[in-house]
Amino acid sequence: MDEHERWLATILTSITDGVIAADAMGVVKFVNAAAERISGWQQPEVVGCDLAEIYHAWDESGEAPAEIPPLPSLLEAPEQYRERQIRRLARKDGSSILVEQSIAPISDGSKAVSGSVVVFRELAGHGTCAGNGVNGHDLH
Amino acid sequence: MISIRTYLERLTRDPGRAEAPGPLSAALRQALRMLIAGLPFEPVPNRTGHGGEAAGELLKRLDEARHSFDVLEVADEAPAALERDARAARARHRAQSEELQAMISMLTETVASISVHKDSSVARLQQIERVSLVEDMRALKTSLSECLAAVREAALQQQVQATESIQRLESQIRSSKAHLASQPPPPAEDSDLVLSDEPEPRESGYAAVFLLDRADLIARRYGESVRSEVLAFVRQHFKRMLMPNDRSIRWNSAAFVVLLQRTGTADDVSAELRSLASLGRSQYFDVGDRSVLLDTSLTWTVFPQADFASPDLFFKAVEDFIRQSAERQAAQTKSGAPVRPIRNTA
């Protein structure tokens, strides 16, 4: 089992998409290397934190917040969040970056749900914005 | 000679006609006054509109009556007033009777709970309780007095029996000790029991406080009922693992306290609880039509009960622990620092 888990962790660490997994209460359990690079948050400093406290996103224009939904809301409309959406993500250093993200519940295929996972990738050709980069002030 | 009916009919046809006061009218008024005064209206303490007041109202209207016709109207209303008064009195008696029966029921339960045997007084009380309406207060008082006398007698007998049992046991212990002292000591390797006058090691009391980690987060995400369900699950888990004499008490919506009787030291108790708390950190709970894996980990501490001179001090220590733990978790979450279960042991 441990070997299998290590194998899965290696895969998740190797992929270029950022992956952040949280438990059913929204507490961060895993951050892969791509997510560390894109968001600026390192896994050891955010594991155990509320996902909503470290992953702040806005719509593409930076006007409207598009926070990560808590699991109950996600379960009510999973299709709405599963589709890839363009978001402006606030990085740890205060800058922002355009990403394509999707969110899905972590389920074994039955009705049992153990958390949620956010998958996001940096959009090519879109640089970062200095400052908080939201609310229309610093956006390009 | 005309009938009263005819007289009144004539009066009704010509109501403007002044009626000369005569002996018939005076006699009618006097007869009615005596009748009203003699009616058995029920006086009601601390109430208005019943009993004496109803009679007073009728008499007042009688005084104000100008015609014999008005006098007869008052007379006509008197039976209705009496009937209303009687209904009110019956309702009042029924309520009093129900109150009395409730009191007797409580008394029966009390007597039954303090009686070692179901003595005759309990049966007697149950018999009184079953009576649908308490009619005769004097008879009730007598019955209750007899019952309570029987209870006192039974209590006295139990006290005497208990004293005799203690004396008998003390005597047996003395004779057993004397008998053993007269025997040669058994070989040390064959004996597990060493009789000694030194006191047995006494059990010490400990109180462990368990706080559900991220309880507020569970309530915020899934509602108070789910948090309550998670706490109940963890409590049940502990109850299964602890000794039968240990008592688990729900403290608030996020914490529970376990009172333990142990002969070991605080370190021993901490080690025992640590192993229990480490079992099962998450569990699936039904939320709507899904099963969701929720964190059931705990922050806990244990206090020797001897540390507290009064229950108030113990309550304060528990509240302080819960508040500090919750504050620590909240501060770590807001600061972006990880929230990890804190294992705080005494």
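This structure is a prediction, so every number in the text was calculated from the model and none was measured.

Caption draft 1: Local environment of the sheet that holds strand β1 (residues 204-212) of chain B. Residue and element names in this part refer to chain B. What the 4 strands build is an open sheet, ordered β2-β3-β1-β6; its pairing is antiparallel. Every other strand in the sheet has two partners, leaving β2 (247-250) and β6 (298-304) as the edge strands with one partner each. Ignoring strand direction, the axes of neighbouring strands in this sheet form an average angle of 20 degrees. In terms of strand pairing, β1 meets β6 through 7 bridges, oriented antiparallel. Residue Y206 lies in a different strand from β6, and its bridge partner there is P304. Across the sheet, helix α9 (residues 266-277) lies against β1, β3 (255-262) and β6, angled at about 160 degrees from β6, the strand it touches most.

Caption draft 2: Up close: the environment of L144 of chain B. All names here are of chain B. With respect to the element layout, L144 can be found in helix α6 (residues 137-182). Taking the number of C-beta atoms within 10 Å as the measure of exposure, L144 has 18 and is therefore partly exposed. Separated by 37 residues in the primary sequence, L144 and L107 have C-alpha atoms spaced 9.8 Å apart.

Caption draft 3: How the structure looks around α9 of chain B. All names here are of chain B. The end-to-end C-alpha distance of α9 is 16 Å, a good match for the 16 Å that 12 residues give at a rise of 1.5 Å each. Of the residues making up α9, those classed as buried are V269, S270, L273 and A277. Along α9, the residues classed as buried sweep out an arc of 100 degrees about the axis, all on the same side. For α9, the exposed residues lying more than 90 degrees away from the buried face are D267, D268 and S275. Taken together, the buried residues of α9 touch β1, β3 and β6.

Caption draft 4: Spotlight on the interface of chain A and chain B. Residue-level contacts link 21 residues of chain A with 18 residues of chain B. Only α3 (43-46), α4 (51-54), α5 (71-76) and β6 (112-122) of chain A provide two or more residues apiece to the side of chain A that touches chain B. Along the lines of polarity and charge, the residues of the side of chain A that touches chain B split into 13 nonpolar, 3 polar and 5 charged.

Caption draft 5: Inspection of the environment of I36 of chain B at higher detail. Residue and element names in this part refer to chain B. Looking at where I36 falls in the secondary structure, it is placed in helix α2 (residues 23-38). Residue I36 is classed as buried on the basis of its C-beta count, with 22 C-beta atoms lying within 10 Å. Spatially, the C-alpha atoms of I36 and A78 are 7.2 Å apart, while their sequence positions differ by 42 residues. Leave out the neighbours within four places in its chain, and I36 touches A55, L58, L59 and A78.

Caption draft 6: Spotlight on helix α7 (residues 215-222) of chain B. Three or more residues of α7 of chain B are buried, namely A215, L217, I218, R221 and Y222 of chain B. Down the axis of α7 of chain B, the buried set is contained in an arc of 160 degrees. They therefore lie on one face. Buried residues in α7 of chain B make contact with α5 of chain A together with β1, α8 (224-241), β4 (282-287) and β5 (290-295) of chain B. Among the residues trailing α7 of chain B, G223 of chain B stands out with phi positive, at a value near 100 degrees.

Caption draft 7: Looking closely at the pairing of β3 of chain B. All names here are of chain B. Looking at chain direction, β1 and β3 are connected through 8 bridges and run antiparallel. Its bridge partner lying in β3, L211 is registered against A255. Across 4 bridges, the pairing between β2 and β3 is antiparallel. Counted as the bridge partner of S248 is V258 from β3. Here β2 hands over to β3 after 4 residues, the two strands then running antiparallel side by side.

Caption draft 8: Structural context of the nonpolar core. Counting residues in hydrophobic clusters, the biggest one holds 64 residues, and the most contacted among them are I20 of chain A together with A208, V209, F210, L211 and L212 of chain B. Top element by residues in this core is β1 of chain B. It accounts for 7 residues. Aside from chain neighbours lying at most four places away, what touches I20 of chain A is V28, V31, A35, L51, Y55 and V118 of chain A. The next biggest cluster of nonpolar side chains, apart from the first, holds 7 residues, and it includes I36, A54, A55 and L62 of chain B.

So, how was this worked out
- Residues numbered from 1 in each chain as written.
- Chains lettered and ligands numbered in written order.
- Predicted model: local features only at pLDDT ≥ 70, side-chain atom pairs only at ≥ 80, totals over all residues.
- Pairing = 2+ DSSP bridges.
- Helix = DSSP H or I, 4+ residues; strand = E, 2+ residues; numbered from the N terminus.
- Axes fitted to C-alpha atoms, helices over the stretch in contact; angles between N-to-C directions.
- Contact = placed C-beta atoms within 7 Å.
- Buried ≥ 20, exposed ≤ 12 C-beta atoms within 10 Å, placed from the backbone.
- Expected span 1.5 Å × (residues − 1).
- Arc of directions from axis to C-beta.
- Nonpolar A, V, L, I, M, F, W, Y, C, P; charged D, E, K, R; others polar.
- Core = buried A, V, L, I, M, F, W, Y, C linked by C-beta atoms within 7 Å.

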